[in-house]
Amino acid sequence: MNSELIDEPSASADKVPPKRYRHWLLWLLISTAVIVLVTGYVVYAKLTGNLRYIEVSREDLGDVRPAKVTSAGLNILVVGLDQSTSENSQHIGDRTDTIMLAHLSPERNNAVVISFPRDSMVQLPACRVREEFPGQKRHLGIINSSFSFGGIGCTWKTIETLTGIRIDHFVMVDFAGFKNMVDAIGGVDLCIPEPIHDEYVPLTLPAGWQTLLGEQALGYVRARHSIGDGSDIGRIQRQQDFVAAIAKKSMSRKILANPVLLFSFLDAATKSVITDPGLTAGVMRHLALTALSTDTIHFVITPWRYSTAYPGRVEWRERPARKLFQLISADQPVADALSTSSQTTEPQRSRTDAEPVLDNDEPVTTPTAPCSPAQAN
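Structure report, in brief. (Residues numbered from 1 in each chain as written. Predicted model: local features only at pLDDT ≥ 70, side-chain atom pairs only at ≥ 80, totals over all residues. Heavy atoms only, no water.)

The next thing to look at is the overall build of the protein. Along the backbone of the protein there are 12 helices and 15 strands. Among the 377 residues that make up the protein, the fraction classed as buried is 46%. Considering only contacts within the protein whose residues lie at least 6 apart along the sequence, 65% involve residues at least 24 apart. By element, 56% of the accessible surface of the protein is carried by carbon and sulfur atoms, the whole surface being about 19400 Å². (Helix = DSSP H or I, 4+ residues; strand = E, 2+ residues; numbered from the N terminus. Buried < 20%, exposed > 50% of the residue type's maximum accessible area, 1.4 Å probe, protein only. Contact = heavy atoms within 4.5 Å. Areas by Shrake-Rupley, 256 points an atom, 1.4 Å probe, with all protein chains shown as cover.)

Phe178, Val182, Val188, Ile196, Leu212, Tyr220 and Phe242 are the most contacted members of the largest nonpolar core, which has 43 residues in total. Apart from the residues within four sequence positions on either side, isoleucine 196 is in contact with Leu203, Thr204, Leu205, Tyr220 and Ile227. Counting 31 residues, the second largest nonpolar core, distinct from the first, contains Leu81, Ile114, Phe116 and Met172. (Core = buried A, V, L, I, M, F, W, Y, C linked by side-chain atoms within 4.5 Å.)

To continue, consider the packing of helix H5 (residues 175–184) against helix H6 (residues 214–222). At a minimum axis distance of 8 Å, the contact between H5 and H6 shows a crossing angle of 125°. Between H5 and H6, the angle falls in the class oblique. Between H5 and H6 lies a crossing whose hand is right-handed. For the pair H5 and H6, contact is made by Phe175, Phe178, Lys179, Val182 and Asp183 and by Gly214, Glu215, Ala217, Leu218, Val221 and Arg222, respectively. (Axes fitted to C-alpha atoms, helices over the stretch in contact; angles between N-to-C directions. Parallel < 35°, antiparallel > 145°, perpendicular 65-115°, else oblique. Left-handed = near helix turned anticlockwise from the far one by under 90°.)

Let's shift gears to the packing of aromatic side chains. Enumeration over the complete set of coordinates arrives at seven aromatic pairs. Taken together, a centroid distance of 6.3 Å and an interplanar angle of 75° make the contact between phenylalanine 133 and phenylalanine 147 edge-to-face. On the criterion of sequence distance, the pair formed by phenylalanine 133 in the loop between strand S5 (121–124) and strand S6 (139–142) and phenylalanine 147 in helix H4 (residues 146–163) is long-range, its members being 14 residues apart. The pair phenylalanine 133 / phenylalanine 147 is uniform in exposure class, with both members buried. An aromatic cluster of three or more residues is present, and its members are Phe116, Trp316 and Phe325. (Phe/Tyr/Trp six-rings, centres within 6.5 Å; stacked < 30°, edge-to-face > 60°.)

This part takes up the sheet that holds strand S2 (residues 74–81). The sheet built from seven strands is open, its strands ordered S1-S12-S7-S2-S3-S4-S13 with mixed pairing. With partners counted over all chains shown, the strands left at the sheet margins are strand S1 (52–53) and strand S13 (297–301), one partner each. Of the strand pairs in this sheet, S2 and strand S3 (residues 96–104) are connected by eight bridges, and their pairing is antiparallel. Pairing of valine 78 across the sheet is with methionine 100, part of S3. Its contacts with the sheet place helix H9 (residues 259–272) against S1, strand S7 (169–174) and strand S12 (273–275), and it is angled at close to 55° to S12. Packing of helix H11 (residues 318–329) onto the sheet brings it into contact with S2, S3, strand S4 (111–115) and S13, and relative to S4 it is tilted by some 145°. (Pairing = 2+ DSSP bridges.)

Over its 12 residues, H11 runs 16 Å from end to end, which matches the ideal 16 Å to within 8%, given 1.5 Å per residue. With its phi angle positive at about 55°, aspartate 331 sits one or two positions after the end of H11. (Expected span 1.5 Å × (residues − 1).)

The next thing to look at is the pairing of strand S8 (residues 188–192). When you tally the buried positions in S8, you get four out of five residues, the bulk of the element. Where S8 and strand S11 (residues 208–212) come together, five bridges link them in antiparallel fashion. Paired with valine 188 across the strands is leucine 212, a residue of S11.

Purely geometric numbers; function is a separate question.
In structure tokens, the structure reads:
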């Protein structure tokens, strides 16, 4: 009986012998690791190759710059242009449509994004002549004109001079790139409190939850004439709402767990921006892997008031603006100093034209939005 059992073909006779099996498994693991590493390298090389750089030198920023109070904190100037950077990165006469300063805490677990109204009348610093730019003389003018006088280097110097915050890097994006990033993640869901019909942009949207794709998203962040109070401040609030929404979407499991969507977004993002050489793809990757979440990003607007001397312009409220900038520079908590209304990033919010961030002594009105969280896609 035993011999019959021995002579009978075993159920495992056709299997790979244990030693050969171990060798086969080892080679499979090695091959898989090589494929992953090569694929990762190809993807990294692709994203790195997409990036374009502009050097901002000591000659651009001057010898007298704000001190860096906390070496681990990071301050990134974010500039949006109303033209395409694909053919030429900068043009004479262009003005920045959006100017923001993002401050990341040393632990990378908190961020504050300051928006500077583009109609702000401020004391502009002198900037050197550079390439096709004529340079900027020290004078009183609107903040977004610095770009047309001296390019991104002059805008960098202007923000440092006005705020006393030392900037580490810049990111410049054009409208075409913005649309591509939105389309790459399948659009962004946003609550539209009231119907929009703007012939200037153009844009037509009904009230309620909407999924905005690239062209509509661009129209939404640019619209100002037929929505809200028609001011640039209202437009800034909508821009902040949209930035919060796109950050939430891009950080969601739906994107991060989908390699195709994630690569599509990163590919579009790296093709859309111009940075300084220090803000490499590796640095961006490191920042992307931090513990920062949309719940820890605070959006604020530089304290302002309407200018009586220059109709149609705004001026900064000196004391609260200085307080805000000092807190950012020293990496001190800003949230406690902000009014409740300025901390929210919900799209339903609405502020009056009163000073919106610090020492706000005017009431804030919030209209009833036609949206509920359950209706969101």
